[in-house]
Amino acid sequence: MRMNDALLGALLLGFAGWVWWLTTFFPSFPGQDYGPNLFPRILAAGIGFCALVLLLRGLRQRAPLLVVEGWMAQPRRVVSFLLIPLASLAYILVSDPLGFIPTAFLLLLGLFLWFQARPVVALPVAAGMTLLVHWFFAGLMRVPLPRGVLDSVL
Amino acid sequence: MDPLIEAFGLVFDPFVLAVIGLSAIFGMFVGAMPGLTATMATALLVPVTFFMPPVPALGAIVTATTMAIFAGDIPGAMLRMPGTPASAAYADESYAMTQKGQLNLCMGVNLVFSVGGGLIGVAVLIAFAPLLAEVAINFSSYEYFWLACLGLTCAVFMSNADPVKGFLSLFFGLLLATVGIDPAAGFPRFTFDDVNLMGGVNFIATMIGMFAVSELMRGAVTFDLATKAVPQAVGSLFRGLGEVTRRYWLNFLRGSAIGTAIGALPGAGADIAAWISYAVAKRFSKQPEKFGTGEVEGIVDATSANNSALGSAWIPALVFGIPGDSITAIVIGVLYMKGMNPGPTVFQENPQLIYAVFLIFILANLIMFPLGWAAIKSARQILRVPRNLLLPVILLFCLVGSFAMTNSLYGVVLMLAMGVLGWVMEEHGIPIAPLILGLVLGEMLEQTFVQSMIKADGAFLEFFSRPIAGSLGVFTLLIWLVMLARGFRRAPAAAPA
């Protein structure tokens with residue numbers, strides 16, 4: 001999925017303006033000419049300039065506003081694609097209440113099965129990888145992975 | 001104690017050697033799997049090495065990347081799919097050799113000249129880094145400002161992408177670096193009252209998102225596409241190598257020299273080294289018409305170049321704290337985490353650590369020989385690892401890795417956001433590497449800029465007052481001019497379309 005340069009440029013121009021607007025709330029210090037807003041403003045101007053070039057170039061090219069690749073018409077591929085960010089989102093939402101071990105196991109198992117692994121393979125690999133990662137990061141590296149529902153057991 | 005002897009003690013320690021061995025296997029695997037890159041291997045390694053002392057942590061990164069850049073050649077020759085972007089320049093050529101029945105020769109050449117090129121890059125690193133450090137010790141904020149500018153400009157200039165989009169990515173990275181408490185005045189910028197953002201944008205979680213999650217999203221779309229049958233390398237890999245070496249030793253030296261030079265340039269790494277040296281080989285070949293038909297000549301140049309670029313990329317990273325490519329950008333992050341801030345002083349304060357890195361580089365290139373041989377021989381098994389199991393497992397590593405970098409879900413949220421952003425950027429032809437370099441160098445660039453402005457009291461000409469700063473400044477401005485001119489020339493050409 002690709003926006004045309006003109007649309008992309010227009011969006012980025014808006015973004016640059018927003019960044020500049022945010023810098024107007026930065027305090028200035030008396031006697032100090034180069035305050036915290038100087039550098040971000042230079043960058044906002046840079047982004048704005050590049051966005052303008054893209055916008056002008058895009059207007060001249062007259063390309064379609066949005067180009068969509070072939071796979072986006074195939075629901076199965078779209079779901080596969082979306083599953084990666086959605087699985088991450090699910091991890092963010094449930095890992096704390098549920099705990100790392102159940103979350104990771106279900107996440108791996110679900111993805112394995114969606115990607116057409118056989119259940120005989122998917123189940124043991126999901127369980128094994130979950131325990132391995134937990135052992136390595138929580139056990140060896142002392143990363144405080146959330147315990148969740150298994151708090152009393154672990 | 002002599003720092004060199006101390007360095008030997010640090011490296012030849014059972015734990016460090018075990019870490020190096022495991023990282024070597026990990027690097028071979030990641031490099032040989034198409035779709036998993038050396039940069040991704042490094043980003044995923046950082047959380048694992050987070051709690052280790054500096055030497056094993058750096059050793060793991062050095063070894064894994066050295067292996068991955070070589071291993072990327074294997075699927076290039078066998079499946080016409082480069083394992084890492086650094087092998088893309090000659091994947092077609094290698095595959096053509098395989099189809100002519102010269103798989104063994106192709107793999108032998110790749111292995112031997114990768115080791116050779118790698119060692120040349122390391123030799124240059126060992127010879128020049130300490131010398132440069134002695135010069136750099138007298139640098140002021142002006143020099144560092146121009147060096148950072150030059151490094152960032154090179155990142156845009158050397159990439160194949162549209163310069164406007166390259167600069168866009170760069171500015172965005174620099175802007176991300178301003179998130180958090182402002183270093184000069186202590187004012188929180190762009191934090192939206194979020195406590196996590198006060199500490200800034202975590203750089204490793206960003207890398208994992210940009211280089212791994214976005215790659216997984218792309219991989220998920222094509223997970224079920226059948227892979228071709230993997231040909232097996234039977235027999236000796238080294239037959240005919242003597243003949244190749246006799247005919248093309250000059251190509252080997254030229255490729256290594258180009259690779260070393262490009263690697264040492266801030267902002268350009270192994271993949272660009274391979275493209276350029278392959279093009280140079282074709283340009284100066286006696287039989288350029290044979291390129292693309294399975295001719296070993298260009299492969300000798302390019303496979304030496306990408307491995308030699310790896311070592312020399314550490315020169316600007318160690319001496320100035322300016323990354324030579326996206327891998328050393330991560331290395332710089334790791335150095336800061338380990339409290340050995342890169343810069344000329346590290347050569348005086350911790351010379352044993354620097355020597356240890358040199359030793360590991362040599363060691364990594366030497367063990368590449370047997371391990372690379374084993375990887376070629378077992379390529380069929382490695383490439384048979386099902387992608388439908390691999391993708392979810394890597395995603396789990398990404399999740400846990402970015403969690404470990406912040407010990408909170410903030411890292412995971414950041415990783416997800418950056419993964420989606422990275423995918424959108426790549427879809428629009430906006431390169432990711434300049435953003436990463438901007439994020440790493442942003443604070444240094446802003447600090448040296450504001451410091452210099454205060455020192456000069458706003459007189460920008462002061463930025464050119466010292467000889468080295470002046471030359472660096474003029475050079476940087478020249479590159480900017482060339483890019484502007486190119487941009488203007490390109491614009492009318494695009495108009496009639």
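An unreviewed UniProt entry annotates chain B as Tripartite tricarboxylate transporter permease of Falsiroseomonas tokyonensis.

The name an unreviewed UniProt entry gives chain A is Tripartite tricarboxylate transporter TctB family protein, with Falsiroseomonas tokyonensis as the organism.

Glancing now at the overall build of chain B. Assigned secondary structure in chain B consists of 23 helices and two strands. Referenced to the eigenvectors of the C-alpha coordinate spread, the extents of chain B come out at roughly 70 × 60 × 50 Å.

As a further point, take the overall build of chain A. Counting its secondary structure elements, chain A contains five helices and two strands. Tracing chain A from N to C terminus, the helices and strands come up as β-α-α-β-α-α-α. In terms of C-alpha radius of gyration, chain A reaches 24 Å, well past the compact-globule figure of 15 Å for 154 residues. For chain A, the residues scored as buried account for 31% of the 154 residues in total. Once local pairs closer than 6 in sequence are excluded, the contacts in chain A between residues at least 24 apart make up 64%.

This brings us to the UniProt feature "transmembrane region" (unreviewed entry) in chain A. Residue and element names in this part refer to chain A. The residues that UniProt annotates with the feature "transmembrane region" (unreviewed entry) are residues 7–26, 38–56, 77–94, 100–115 and 122–141. For residues 100–115, the helix share is 94%, the strand share is 0%, and the end-to-end C-alpha distance is 22 Å. Helix makes up 95% of residues 122–141 and strand 0%, and the two end C-alpha atoms of the span are 27 Å apart.

On the chain B side, the residues contacting the 55 residues of chain A number 54 residues. Where the side of chain A that touches chain B is concerned, the elements lending two or more residues are strand E1 (2–3), helix H1 (5–23), helix H2 (38–61), helix H3 (75–98), helix H4 (100–114) and helix H5 (119–140) of chain A. In terms of residue class, the side of chain A that touches chain B is built from 42 nonpolar, six polar and seven charged.

Our next topic: the nonpolar core. Grouped together as the largest cluster of nonpolar side chains are 226 residues, with contacts concentrated most on B:Ile208 and B:Ile360. Broken down by element, the residue count for this core peaks at 17 residues, all from helix H7 (residues 103–136) of chain B. Shared between two domains, this core holds at least three residues of each, these being domain 1 (2–67) and domain 2 (71–150) of chain A. Setting aside residues no more than four positions away along its own chain, B:Ile208 makes contact with B:Ala43, B:Leu44, B:Val213, B:Cys398, B:Gly401, B:Ser402 and B:Met415.

What follows deals with the UniProt feature "domain: DUF1468" (unreviewed entry) in chain A. Taking the numbering used here, the UniProt-annotated feature "domain: DUF1468" (unreviewed entry) corresponds to residues 8–146 of chain A. Taken end to end, residues 8–146 of chain A has its terminal C-alpha atoms 40 Å apart, with 73% of it in helix and 1% in strand.

Time to look at the packing of helix H8 (residues 141–158) of chain B against helix H9 (residues 163–177) of chain B. Residues and elements named next belong to chain B. Between H8 and H9, the shortest axis-to-axis distance is 8 Å and the interhelical angle comes to 140°. Of the possible angle classes, the one that applies to H8 and H9 is oblique. Our pair here, H8 against H9, has a crossing hand that is right-handed. Between H8 and H9, the residues in contact are Leu152, Ala155 and Val156 and Pro163, Gly166, Phe167 and Leu170, respectively. Classifying every residue of the contact of H8 with H9 gives six nonpolar, one polar and no charged.

All right, on to the domain arrangement of chain A then. Looking at chain A, the domain boundaries give domain 1 (2–67) and domain 2 (71–150). Computed from C-alpha atoms alone, the centre-to-centre distance between domain 1 of chain A and domain 2 of chain A is 38 Å.

We now examine the environment of B:Leu111. All names here are of chain B. By the element assignment, Leu111 lies in helix H7. Using a count of 24 C-beta atoms within 10 Å as the deciding quantity, one classes Leu111 as buried. Linking Leu111 and Ile74, residues 37 residues apart in sequence, is a C-alpha distance of 9.4 Å.

Glancing now at the confidence of the model for chain B. Residues and elements named next belong to chain B. The predicted model of chain B has a mean per-residue pLDDT of 88, with 97% of residues at 70 or higher. Of all helices and strands in chain B, the one with the weakest mean pLDDT is helix H23 (residues 467–494) (78), whereas helix H21 (residues 409–427) scores best (95). Segment residues 492–497 is flagged for pLDDT under 50; beyond a separation of four residues in sequence, or across chains, it makes four contacts in the model. Predicted as a complex, the structure gets a pTM of 0.88 and an ipTM equal to 0.94.

All names here are of chain B. Among the secondary structure elements, Met198 is positioned in helix H10 (residues 195–198). For the pair formed by Met198 and Pro85, sequence separation is 113 residues and the distance between their alpha carbons is 35 Å. Sequence-distant contacts of Met198, defined by excluding residues within four places in its chain, comprise Gly180, Ile181, Pro188 and Thr191.

What follows concerns H1(A). Helix length check: H1(A), at 19 residues, gives a terminal C-alpha distance of 27 Å against a target of 27 Å (1.5 Å per residue), a fit within 8%. Residues of H1(A) that are buried include every one of A:Asp5, A:Leu8, A:Gly9, A:Leu12, A:Ala16 and A:Val19, and no others. Burial along H1(A) is one-sided: seen end-on, the buried residues are contained in an arc of 95°. Residues A:Gly14, A:Trp18 and A:Trp21 are exposed on H1(A) and point more than 90 degrees away from its buried face. Buried residues along H1(A) sit against E1 and H2 of chain A together with H9 of chain B.

Residue placement: B:Pro3 occurs in helix H1 (residues 3–11). Considering only alpha carbons, one finds B:Pro3 and B:Leu353, 350 residues apart in sequence, at a separation of 8.3 Å.

Attention shifts here to unusual backbone geometry. Of note, the phi angle at A:Arg62 is positive, near 55°, even though the residue is not glycine. Residue B:Phe192 is not a glycine yet carries a positive backbone phi of 50°. Tracing the chain through its elements places B:Phe192 in the loop between strand E2 (188–189) and H10.

In this section: the packing of H4(A) against H5(A). Residue and element names in this part refer to chain A. Here H4 crosses H5 at 145°, and the two axes come no closer than 9 Å. As for how H4 packs across H5, the hand of that crossing is right-handed. Residues Phe100, Ile101, Ala104, Phe105, Leu108, Leu109, Phe112 and Leu113 of H4 form the contact with H5, whose participating residues are Pro119, Ala122, Leu123, Val125, Ala126, Ala127, Met129, Thr130, Val133 and His134. Here the contact of H4 with H5 is built from residues that sort into 16 nonpolar, two polar and no charged.

Residues and elements named next belong to chain B. The terminal C-alpha atoms of helix H11 (residues 203–221), which comprises 19 residues, lie 27 Å apart, in line with the 27 Å expected from a rise of 1.5 Å per residue. Approximately 30° is the largest bend angle found in H11, and it occurs at Gly209. For H11, the buried fraction is high: 16 of the 19 residues fall into the buried class.

Cut-offs used in this document
- Residues numbered from 1 in each chain as written.
- Chains lettered and ligands numbered in written order.
- Predicted model: local features only at pLDDT ≥ 70, side-chain atom pairs only at ≥ 80, totals over all residues.
- Helix = DSSP H or I, 4+ residues; strand = E, 2+ residues; numbered from the N terminus.
- Rg over C-alpha atoms; globule rule 2.2 N^0.38 Å.
- Buried ≥ 20, exposed ≤ 12 C-beta atoms within 10 Å, placed from the backbone.
- Contact = placed C-beta atoms within 7 Å.
- UniProt positions renumbered as here; feature names shortened; annotations may be inferred.
- Nonpolar A, V, L, I, M, F, W, Y, C, P; charged D, E, K, R; others polar.
- Core = buried A, V, L, I, M, F, W, Y, C linked by C-beta atoms within 7 Å.
- Domains from an automatic or database assignment.
- Axes fitted to C-alpha atoms, helices over the stretch in contact; angles between N-to-C directions.
- Parallel < 35°, antiparallel > 145°, perpendicular 65-115°, else oblique.
- Left-handed = near helix turned anticlockwise from the far one by under 90°.
- pLDDT = per-residue confidence, 0-100.
- Expected span 1.5 Å × (residues − 1).
- Arc of directions from axis to C-beta.
- Bend = angle between axes of the 7 residues up to and from the residue.

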